[in-house]
Amino acid sequence: MRSCKRQLLFWALLLAGQSAAAEDLSRFHRQTLLERFDSNHNEQLDPRERRALRRAFGGIDIPMLPSRSFDYTTLHLPGHLDKAQLDEADNTPADNPITDQGATLGRVLFYDRQLSRNNTVACGSCHLQHAGFSDPRRVSEGFDGGQTTRNAMSLANLRYSNILGHRPGFFWDERAATLEDQVLMPIQDKLEMGMTLPQLEERLAHLPYYPPLFEAAFGSSEVTSDRVARSVSQFMRTMVSMNSRFDRMEGFNEQEKLGRSLYFDGADGIAEHGCAHCHIPPTFGMMKALNNGLELKYKDPGLGTLDRPPNDPFEPSNDGKFKAPSLRNIELSAPYMHDGRFKTLQAVVEHYSSGVHPHVNLGLAFEEQQAAGPTTGFRFSDKQKAALVAFLKTLT
């Protein structure tokens, strides 16, 4: 009985906080700001009007929030998808369910350059929506102009990472155990965003729009790094991509049908030789980091950098193993691989056709005749290569 009363009190306080926060947030609603600063009444702010907006709030960029929160909690999935299968893959923790208010806060944080030391980069600077929430540059650029060592991977379908009973980590090398852990790492990275968590909390607490956003999301205006991680994670879990031509089962031409067969069944009719053996539908994500033979001796060992036992009992180490992102929207997310070495999908397919190095940790299997020579591969014909590229584009 007492537990029930405590829960009722918690929700009453949360709802009361959200009501008060809603009044404070109205100052930052798009329509409110347009009424104040859109002097030529064209429903947008030109550079002069934006300068006036900045001056009114002490020289900082202010988010223009929608009057009504977007619906972040409703998923619209194609009928062919097995909801139970997706639920099993869902990594959303019980103590951080997606809410409209939490995801709204997460979205503002995701695009806010105030999260970097010199206010120059945001999460969204390296994860661009038009590029499938990836970075079109080979490697990303940090707050002070420094170059990172890896390509910023696509964020699509991070919510559904638990595949076939595996619970892999996040990033190319799986160094973050949870999405919540992952969020705070780039912020603290000395090259990427250059902040400490105390600095982050202090800065956000003094920005006028964050206390009411935190109150709406969590019931109080307290700004903590834990709440930053939880809200950004909520927003990132809403980046679900499940409505491509492949999902809608729209008419495939003969080339796309051939590509689909190659992807699922392999060039020789052996499913273990198909792409789907590692990039598993319906998310087209990987269940763990694997070595795909990019090199014989890796400059970047990937998972091998971490002090962990081999993730496969038949392989001596984790060197050269990387966990690729979902292949959803792969047409948009060039360049490819952890270091962005391949500019096109054609180059990716060519690697698997003839450019695979026979590394001791290689996670691919080839027939004896395919393995002849210094590099190996599935030896696709030109027709098969083109067909695979055509099929991959149906995942957009």
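Before reading on, note that the structure itself is shown above.
Here's a quick rundown of the structure.

Rules of the game
- Residues numbered from 1 in each chain as written.
- Predicted model: local features only at pLDDT ≥ 70, side-chain atom pairs only at ≥ 80, totals over all residues.
- Heavy atoms only, no water.
- Helix = DSSP H or I, 4+ residues; strand = E, 2+ residues; numbered from the N terminus.
- Contact = heavy atoms within 4.5 Å.
- Lys, Arg positive; Asp, Glu negative; His and termini not counted.
- Charge placed at Lys NZ, Arg CZ, Asp CG, Glu CD.
- Buried < 20%, exposed > 50% of the residue type's maximum accessible area, 1.4 Å probe, protein only.
- Salt bridge = Lys/Arg side-chain N within 4 Å of Asp/Glu carboxyl O.
- Core = buried A, V, L, I, M, F, W, Y, C linked by side-chain atoms within 4.5 Å.
- Axes fitted to C-alpha atoms, helices over the stretch in contact; angles between N-to-C directions.
- Parallel < 35°, antiparallel > 145°, perpendicular 65-115°, else oblique.
- Nonpolar A, V, L, I, M, F, W, Y, C, P; charged D, E, K, R; others polar.
- Phe/Tyr/Trp six-rings, centres within 6.5 Å; stacked < 30°, edge-to-face > 60°.
- Disulfide = S-S within 2.5 Å.
- Polar contact = N/O pair within 3.5 Å; in protein donor to acceptor, adjacent residues only side chain to side chain.

**Brief notes about the overall build of the chain**
Reasoning step 1: Counting its secondary structure elements, the chain contains 14 helices and zero strands.
Reasoning step 2: Going from N to C terminus, the chain has its helices and strands arranged as α-α-α-α-α-α-α-α-α-α-α-α-α-α.
Reasoning step 3: A principal-axis box enclosing the C-alpha atoms of the chain has dimensions of 70 × 60 × 50 Å.
Reasoning step 4: Across the chain, every contact between residues at least 6 apart in sequence was considered, and the portion connecting residues at least 24 apart equals 65%.
Reasoning step 5: Seen as two clouds, the 44 positive and the 49 negative side-chain charges of the chain have centres 3 Å apart.

**Describing helix α7 (residues 179-188)**
Reasoning step 1: When you tally the buried positions in α7, you get seven out of ten residues, the bulk of the element.
Reasoning step 2: Every buried residue of α7 is listed here: L179, E180, Q182, V183, L184, P186 and I187.
Reasoning step 3: Contact partners of the buried residues in α7: α8 (197-205) and α10 (225-237).

**Here's the deal with the pattern of salt bridges**
Reasoning step 1: Counted by the stated rule, this structure contains 19 salt bridges.
Reasoning step 2: We note a salt bridge from R328 to D247, for which the minimum N-O separation is 2.3 Å. One end of the pair, R328, is in the loop between α12 (254-265) and α13 (345-354); the other, D247, is in helix α11 (residues 245-248), with 81 residues separating them in the sequence. We note that R328, like D247, is buried.
Reasoning step 3: Shared partners join several salt bridges into a network, and the residues in it are R150, D173, R175 and D300.

**A few points about the nonpolar core**
Reasoning step 1: Membership of the largest hydrophobic core comes to 52 residues, with the highest contact counts inside it found for F110, L204, Y209, Y210 and M236.
Reasoning step 2: Elements with a contribution of two residues or more to this core: α2 (30-37), α5 (100-110), α7, α8, α9 (210-218) and α10.
Reasoning step 3: In terms of residue count, the dominant contributor to this core is α9 (six residues).
Reasoning step 4: In this view, Y210 contacts L105, V108, L109, D112, L115 and L204; residues no more than four positions away in its chain are not counted.
Reasoning step 5: Counting 35 residues, the second-largest nonpolar core is a separate cluster that includes F246, A324, L345 and L388.

**Remarks on α9**
Reasoning step 1: Where burial is concerned, most of α9 is hidden: eight out of the nine residues are buried.
Reasoning step 2: What α9 keeps buried is the set Y210, P212, L213, F214, E215, A216, A217 and F218.
Reasoning step 3: Directly beyond the C-terminal end of α9, a positive phi value near 95 degrees is found at G219.

**Section: the packing of α2 against helix α3 (residues 47-56)**
Reasoning step 1: At a minimum axis separation of 10 Å, α2 and α3 run at an interaxial angle of 105 degrees. The orientation of α2 relative to α3 falls into the category roughly perpendicular. Contacts between α2 and α3 involve L33, R36 and F37 on the former and, on the latter, E49, A52, L53 and A56.
Reasoning step 2: The class makeup of the residues in the contact of α2 with α3 is five nonpolar, no polar and two charged.

**Let's talk about the packing of aromatic side chains**
Reasoning step 1: One pass over the full model with this rule turns up 21 aromatic pairs.
Reasoning step 2: Centre to centre, the rings of F246 and F264 are 6.3 Å apart; their planes meet at 15 degrees, and the pair counts as stacked. One end of the pair, F246, is in helix α11; the other, F264, is in helix α12, and 18 residues separate them in sequence.
Reasoning step 3: Classification of F246 by relative accessible area gives buried; the value is 14%.
Reasoning step 4: Relative to F391, the ring of Y263 lies with its centre 5.3 Å away and its plane at 50 degrees, an arrangement referred to as tilted. On the criterion of sequence distance, the pair formed by Y263 in helix α12 and F391 in helix α14 (residues 382-393) is long-range, its members being 128 residues apart.
Reasoning step 5: Judged by its relative accessible area of 1%, Y263 falls in the buried class.
Reasoning step 6: The buried category is assigned to F391, whose relative accessible area is 0%.

**Looking at the side chain of S353**
Reasoning step 1: Position of S353 relative to the elements: it lies in helix α13.
Reasoning step 2: Beyond its immediate chain neighbours, meaning those up to four positions away, S353 contacts T376, G377, F378, R379, F380 and K385.

**Quick word on the state of the cysteines**
Reasoning step 1: Taken as a whole and judged by the stated rule, the model has zero disulfides.
Reasoning step 2: C123 provides the cysteine sulfur closest to C126, a residue in no disulfide bond, and the two sulfurs are 8.8 Å apart.
Reasoning step 3: Judged by relative accessible area, C126 falls into the buried class, the value being 13%.

**Remarks on the environment of L86**
Reasoning step 1: By the element assignment, L86 lies in helix α4 (residues 83-89).
Reasoning step 2: Owing to a relative accessible area of 1%, L86 belongs among the buried residues under this scheme.
Reasoning step 3: Taking C-alpha positions, L86 is 9.4 Å from R159, a pair spaced 73 residues apart along the chain.

**Notes on unusual backbone geometry**
Reasoning step 1: Following P281, the chain continues into P282 via a peptide bond in cis, with omega recorded as 5 degrees.
Reasoning step 2: Looking at where P282 falls in the secondary structure, it is placed in the loop between α12 and α13.
Reasoning step 3: Geometrically, the link from A334 to P335 is a cis peptide bond, its omega value of 0 degrees lying close to zero.
Reasoning step 4: Looking at where P335 falls in the secondary structure, it is placed in the loop between α12 and α13.

**Notes on the side chain of S134**
Reasoning step 1: Mapped onto the secondary structure, S134 falls in the loop between α6 (123-126) and α7.
Reasoning step 2: By relative accessible area, S134 is classed as buried at 1%.
Reasoning step 3: Within the structure, S134 has its side chain in polar contact with the backbone oxygen of A131 (distance 2.6 Å).
Reasoning step 4: When sequence neighbours within four positions are dropped, the list of residues in contact with S134 reads C126, H127, L128, A152, M153, S154, L332 and S333.

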